[in-house]
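Chain by chain, the residues run as shown.
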Amino acid sequence: MIYSRGNMSESNDYMSDSEYSEEEIEPKLKYVRLSNDLKVILNTTSATCIAVHTKFICLGTHRGVIYILDHEGNSDLSQKLKAHSVSVNQISIDKSGEYIATCSDDGRVFIHGLFSHENNFSLNVARLVKTVAVDPNFCKSPSNKRFIMGDDKLTLWERSFLGSLKSTVLLESEGLVGSLSWGGNFLALSSNVGVRVYDMNARCSLGLIKWEEHPSMSIEKFRCNLRWANDRTLLIGWVDTVRVCIIRKRSNMELAIRALPEYLVDPVSTFQTEFYISGIAPLDQQLVLLGVPKEHDENNKSLRPQLYIVEYKDNDYTDICTDSLTLRGYQEYSVNDYHLDVLLEENVFFIVAPKDVVIASPYDLDDRIQWFIQHNKYKEALEILQNNDSRSIYKHTIQSVGIEYLDFLLSRGMYDDAGRLGLQIFEKNHSLWEDQIYKFAMVHQLRAVSPYIPRTLETKLNPHIYEMILFEYLKFNAQGFLQLIKEWNHGLYNVSAVINAVLDHALIDKSDIFVEALAILYSYEQKYDSSLSMYLKLNHKDVFTLIQNHNLHNVMEKMLTQLMDLDYAKTVALLLEKNSTPPEKIVKKLRSSPSHLYRYLDEYDKRNCKGEYHKELVELYAIFDRQKLLPFLKKSDHYPIQYALDICQKNKFYPEMVFLLGRIGDTKEALDLIIHELKDMQYAISFCHEHDDSDLWDDLIDHCIDKPEFVTFLLQSIGNYIDPTTLIMKIKGNMEIPGLRNSLVKMLNQYNLQVSVQEGCKKILVSDYFNLQKKLVHTRQKGTSVSSDVLCGACHYKLIQNDISRLSDLKMFNCNHVFHRQCLEDDTTTVCVVCYPAQKSK
């Protein structure tokens, strides 16, 4: 439990000077000491009881005087009632706040109308009267002009038909009636043995709740505290025990079995406390208990009373919070000297001591926010503001609390948190942003807030704010400055002013970061020449992005070599993208750098098929990428062959020379290169087969006939291409050839296979020929339909007539032209006169 020890002051504010655990707990109640006229009253007398209404407070005193005060302690002297000669024991107020009932040990019961004296009563019963209760609906109708008093019995007093008071004893009590509370149709009263609930409609008791006897004390010495939480819920606090009772209706089955009252009292929770109870009241689903410690201090003086908020369940409870109250003169008072009353509608609690009255009320949203602020819990305060309707919060706003929180964070050096907070609370409020940013500037921490300030053109702040931030970065964090230049829209600040600042700073610090920053800033001002020169000075590849974004292709010619040195791939891609610079200019510019020229022409040729620079490419491929040379020579027809051959001869590129020699018809020299330089017999055979020249085959055989290993290879391979007898006839009789037998067998097999394949193909062709001839004849012998729409090729009348006299034989040619036989000059002709008019003329 957390005990909050309040220190009462003479002012209205009741401030707690608390003892906390390590974690500060948010209080549930706030306290205000009633002062003003009440202070004067309690200086001359003591309070003995209190009754509260939403309109006023009734305070009973030791001298028998009843004071009517407002909720701030101001007294209406015209409503000061001298009703009793000794201490007032109890005051009861009806619901309307128009009538009060009081009682005292002087034996008098007093009913007083605050606005009308028509129903005032003054009753002297000549015995001690400890308790009285006026009908809650006293002012509503004549039938409700009644009240109840308790002594050794419970007596109902009501106004008779003639206006006099009539008494009715409702029940005899088990001793003196000590407490009385009227709620709705039920009346709760305490006696020497327990608590009863009386049904005012049925005029019967609902039973007795007996109280436990304490072996060391008598319950008669303790006031029983009764409170109706609502018309069906009764709260009882007596000595150190609390009971919560529900008035419920019996079931029809219960009523049918026995003659029982319609309602019964059901205690739903009973628990014992560690203190004596001076008052009890409900607070939502919890209880408020005014308690007095059972112990005393070292001087045998009473300890301070305490106000508890507890949560009950079954027969146990949990302390939610406990506040120790420093009421005036508390050392001399006992449990019965304190009183607790409540305004249920407002959850406002009135704590009364003989010389003091304090009002306790739950923290409203403003109070909670203020408490969190005082304890530096700004996050919680902001959560309340963000999660509740602003119309229910009067003293605080998100901005006001946010500014306090920001100041707190800055004072603790939590700059990044402060910047993030600005984004949360200021959002797009320009004036607030600008006012608070200067606080960061004073501690040189504009960098901390920079990620969170508005940065779109629609929400931008004063340009001076952004310039301040940039200047701080420029001074303390060059890399961060460059990053902001890249990220921020340049419309947020004065670019010229920033450029001047960078130039001044660059005189001191020669870092490449500032050169890059200048390149970016110059581009913002559309000074692209300056920007490009800065990028090239740094060898920075963003130069290509600048060219592409701003369509600066026309300036590339001036700095072509530098760009190629920086990144030839991107340079060539940009050159070919727009074709803004003629290729001849580019080629002329790059001739001094063959490698760059090669890269450009290689890509250019992929997109341009005209072969404009194939002569140059032959030489460039020979220098920089020989693998591409032979494929290029094979696919292109736009280079001088002799020029290419000279280059290949110079570099001894034999495969390329073989191709070029074969292309100009010098196959013999080409074959010689294959055999003597490349020494590739398979290539030689392929070459001879490709050119299909018998002389070439003879040259190949002649080159190889004196080399046994070559002869073996030819024997195994040549049979697929030529008659192998040519080779065999040229072999010398005394030559020793490795693997001759196997080679001959393989050669003959290849040759026989070739012959067999040729014979098979011949048979297939002959068979296909006759099959197709037969199909053609069959197709030609089929009849052909002639529709009525077809016209004669000579007379151009319809071939088929409905008139029988005009019918005629028809003749159709293979070309599908049809004629009346009578329209043909020569009926025996086999040639269509339409398709072959020349023959017709002959």
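The rules we used
Residues numbered from 1 in each chain as written. Predicted model: local features only at pLDDT ≥ 70, side-chain atom pairs only at ≥ 80, totals over all residues. Heavy atoms only, no water. Helix = DSSP H or I, 4+ residues; strand = E, 2+ residues; numbered from the N terminus. Rg over C-alpha atoms; globule rule 2.2 N^0.38 Å. Buried < 20%, exposed > 50% of the residue type's maximum accessible area, 1.4 Å probe, protein only. Contact = heavy atoms within 4.5 Å. Pairing = 2+ DSSP bridges. Axes fitted to C-alpha atoms, helices over the stretch in contact; angles between N-to-C directions. Core = buried A, V, L, I, M, F, W, Y, C linked by side-chain atoms within 4.5 Å. Expected span 1.5 Å × (residues − 1). Polar contact = N/O pair within 3.5 Å; in protein donor to acceptor, adjacent residues only side chain to side chain. Parallel < 35°, antiparallel > 145°, perpendicular 65-115°, else oblique. Nonpolar A, V, L, I, M, F, W, Y, C, P; charged D, E, K, R; others polar. Disulfide = S-S within 2.5 Å. Phe/Tyr/Trp six-rings, centres within 6.5 Å; stacked < 30°, edge-to-face > 60°. Lys NZ or Arg CZ within 6 Å of the ring centre and 35° of its normal. Lys, Arg positive; Asp, Glu negative; His and termini not counted. Salt bridge = Lys/Arg side-chain N within 4 Å of Asp/Glu carboxyl O. Arc of directions from axis to C-beta. pLDDT = per-residue confidence, 0-100.

Overview of the overall build of the protein
What the protein contains, in helices and strands, is 28 helices and 32 strands. Expected size for 842 residues packed as a compact globule is a radius of gyration near 28 Å; at 59 Å, the protein overshoots this value by more than 25%. Structurally, the protein occupies a C-alpha span of about 165 × 105 × 70 Å along its principal axes. For the protein, buried positions account for 46% of its 842 residues. Counting only contacts in the protein whose residues sit at least 6 apart along the sequence, the fraction spanning at least 24 positions is 48%.

Examining unusual backbone geometry
Positive phi values are uncommon outside glycine, yet Asn36 reaches one of about 55 degrees. Tracing the backbone through its elements, the reader meets Asn36 in the loop between β3 (29–33) and α1 (37–44). Among the residues examined, Asn36 registers a relative accessible area of 34% and is labelled partly exposed. With a phi close to 55 degrees, Asp284 is a non-glycine residue in the positive phi region. Along the chain, Asp284 turns up in the loop between β24 (275–283) and β25 (286–293). Look at Asp284 and you get exposed, because its relative accessible area is 63%.

Quick look at the sheet that holds strand β10 (residues 108–113)
Taken together, four strands build an open sheet; the order of strands is β8-β9-β10-β11 and the sheet is antiparallel. Because the sheet does not close on itself, it has two edges, and the strands there are β8 (88–93) and β11 (121–124). Taken pair by pair, the neighbouring strands of this sheet meet at an average axis angle of 10 degrees, ignoring direction. Sheet analysis places β8 next to strand β9 (residues 99–104), joined by five bridges and oriented antiparallel. Looking at the pairing, Ile91 lines up with Thr102 of β9.

Points about the environment of Lys140
Structurally, Lys140 is set in the loop between β12 (131–134) and β13 (146–150). With 46 residues separating them in the primary sequence, Lys140 and Asp94 have C-alpha atoms 9.9 Å apart.

Some words on the nonpolar core
With 124 residues, the main nonpolar core has Phe481, Trp488, Tyr493, Val543, Tyr600 and Leu700 as its most contacted residues. Look past the residues within four positions of Tyr493 in its chain and what remains in contact with it is Pro463, Tyr466, Glu467, Leu470, Ile485, Trp488, Val498, Leu521 and Tyr524. Judged by nonpolar contacts, the second largest core, of 44 residues, contains Cys245, Val292, Tyr338 and Val342.

A closer look at the sheet that holds strand β19 (residues 204–210)
Whenever strands of a sheet pair, they do so through backbone hydrogen bonds, lying parallel or antiparallel. Spatial strand order, β16-β17-β18-β19: four strands in an open sheet with antiparallel pairing. Sheet topology places β16 (179–183) and β19 at the edges, where each strand pairs with a single neighbour. Averaged over neighbouring strand pairs, the angle between their axes works out to 15 degrees when direction is ignored. The pairing of β16 with strand β17 (residues 186–190) spans five bridges and is classified as antiparallel. Bridge assignment links Ser179 to a residue of β17, and that residue is Ser190.

Let's talk about helix α12 (residues 512–524)
Taking 1.5 Å of rise per residue, the 13 residues of α12 would be expected to cover 18 Å, and the 19 Å separating its terminal C-alpha atoms lies within 8% of that figure. What α12 keeps buried is the set Phe514, Val515, Glu516, Ala517, Leu518, Ala519, Ile520, Leu521, Tyr522 and Ser523. In this fold, the buried residues of α12 make contact with α9 (463–476), α10 (478–487), α11 (495–506), α13 (528–538) and α14 (542–549). N-cap assignment for α12: the residue whose side-chain oxygen lies 3.1 Å from the backbone N of Ile513 is Ser511. Remark: Gln526 follows α12 within two positions and exhibits a positive phi of approximately 65 degrees.

Looking at the packing of helix α5 (residues 398–411) against helix α6 (residues 415–426)
For the pair α5 and α6, interaxial distance at closest approach is 9 Å and the crossing angle is 170 degrees. Considering the angle they form, α5 stands roughly antiparallel to α6. Contact residues: Ile398, Gln399, Gly402, Ile403, Tyr405, Leu406, Leu409 and Leu410 in α5; Tyr415, Asp417, Ala418, Leu421, Ile425 and Phe426 in α6. For the contact of α5 with α6, the class distribution of residues is eleven nonpolar, two polar and one charged.

Some words on the pairing of strand β18 (residues 194–199)
Here β18 lies mainly inside the structure; six of its six residues are buried. In this sheet, β18 lies alongside β17 in antiparallel orientation, the contact comprising five bridges. Note on β18: the bridge partner recorded for Leu187 is Tyr198. What sits between β17 and β18 in their antiparallel hairpin is a turn of three residues.

Quick notes on the state of the cysteines
All chains considered together, the criterion is met by zero disulfides. This cysteine, Cys823, is not joined by any disulfide, and Cys795 carries the nearest cysteine sulfur, 3.8 Å off.

Observations regarding the packing of aromatic side chains
Enumeration over the complete set of coordinates arrives at 21 aromatic pairs. Where Tyr333 meets Tyr338, the ring centres are 6.1 Å apart and the plane angle is 85 degrees; that geometry is what we call edge-to-face. Like Tyr338, Tyr333 is buried. Taking 5.2 Å as the distance between ring centres and 40 degrees as the angle between the ring planes, the aromatic pair formed by Tyr378 and Phe408 counts as tilted. Taken together, the residues span a long stretch of sequence, with Tyr378 in helix α4 (residues 378–387) and Phe408 in helix α5 at a distance of 30 residues. There is no split in this pair, since Tyr378 and Phe408 are both buried. Among the aromatic residues, ring-to-ring pairing joins Tyr598, Tyr621, Phe624, Phe632 and Tyr639 into one connected group. Of note, Arg243 hangs over the ring of Trp211, and the distance from its end group to the ring centre comes to 4.8 Å.

Quick look at the side chain of Asp366
Note that Asp366 resides in helix α3 (residues 365–374). We note that Asp366 is buried and unpaired, the nearest opposite charge coming from Lys395 at a distance of 6.0 Å. Those residues within four positions of Asp366 in sequence are excluded, and the remaining contacts are Ile393, Tyr394, Lys395 and His396.

Some remarks on α14
Among all positions in α14, only Val543, Phe544, Leu546 and Ile547 are buried. Viewed along the axis of α14, the buried residues span an arc of 160 degrees, placing them on a single side of the element. Against α12, α13 and α15 (560–578) lie the buried residues of α14. Taken from the residues just after α14, Asn551 is the one with a positive phi, measuring 55 degrees.

Regarding the pattern of salt bridges
A full pass over the atoms with the stated rule returns 29 salt bridges. Between Asp567 and Lys541 there is a salt bridge, with the nearest N and O atoms lying 3.3 Å from each other. Taken together, the residues Asp567 in helix α15 and Lys541 in the loop between α13 and α14 connect sequence positions 26 residues apart. Its relative accessible area of 40% is what places Lys541 among the partly exposed residues.

Here's the deal with the environment of His553
Summarising the element assignment, His553 is placed in the loop between α14 and α15. Separated by 119 residues in sequence, His553 and Glu434 place their C-alpha atoms 43 Å apart. If sequence neighbours within four positions are ignored, His553 has contacts with Ile547, Gln548, Leu574, Glu577, Lys578, Ser580 and Thr581.

Let's talk about the confidence of the model for the protein
Predicted confidence across the protein gives a mean pLDDT of 85, with 90% of residues reaching 70 or more. Contacts from residues 1–22, a stretch scored under 50 in pLDDT, to residues over four places away or in other chains number 59 contacts.

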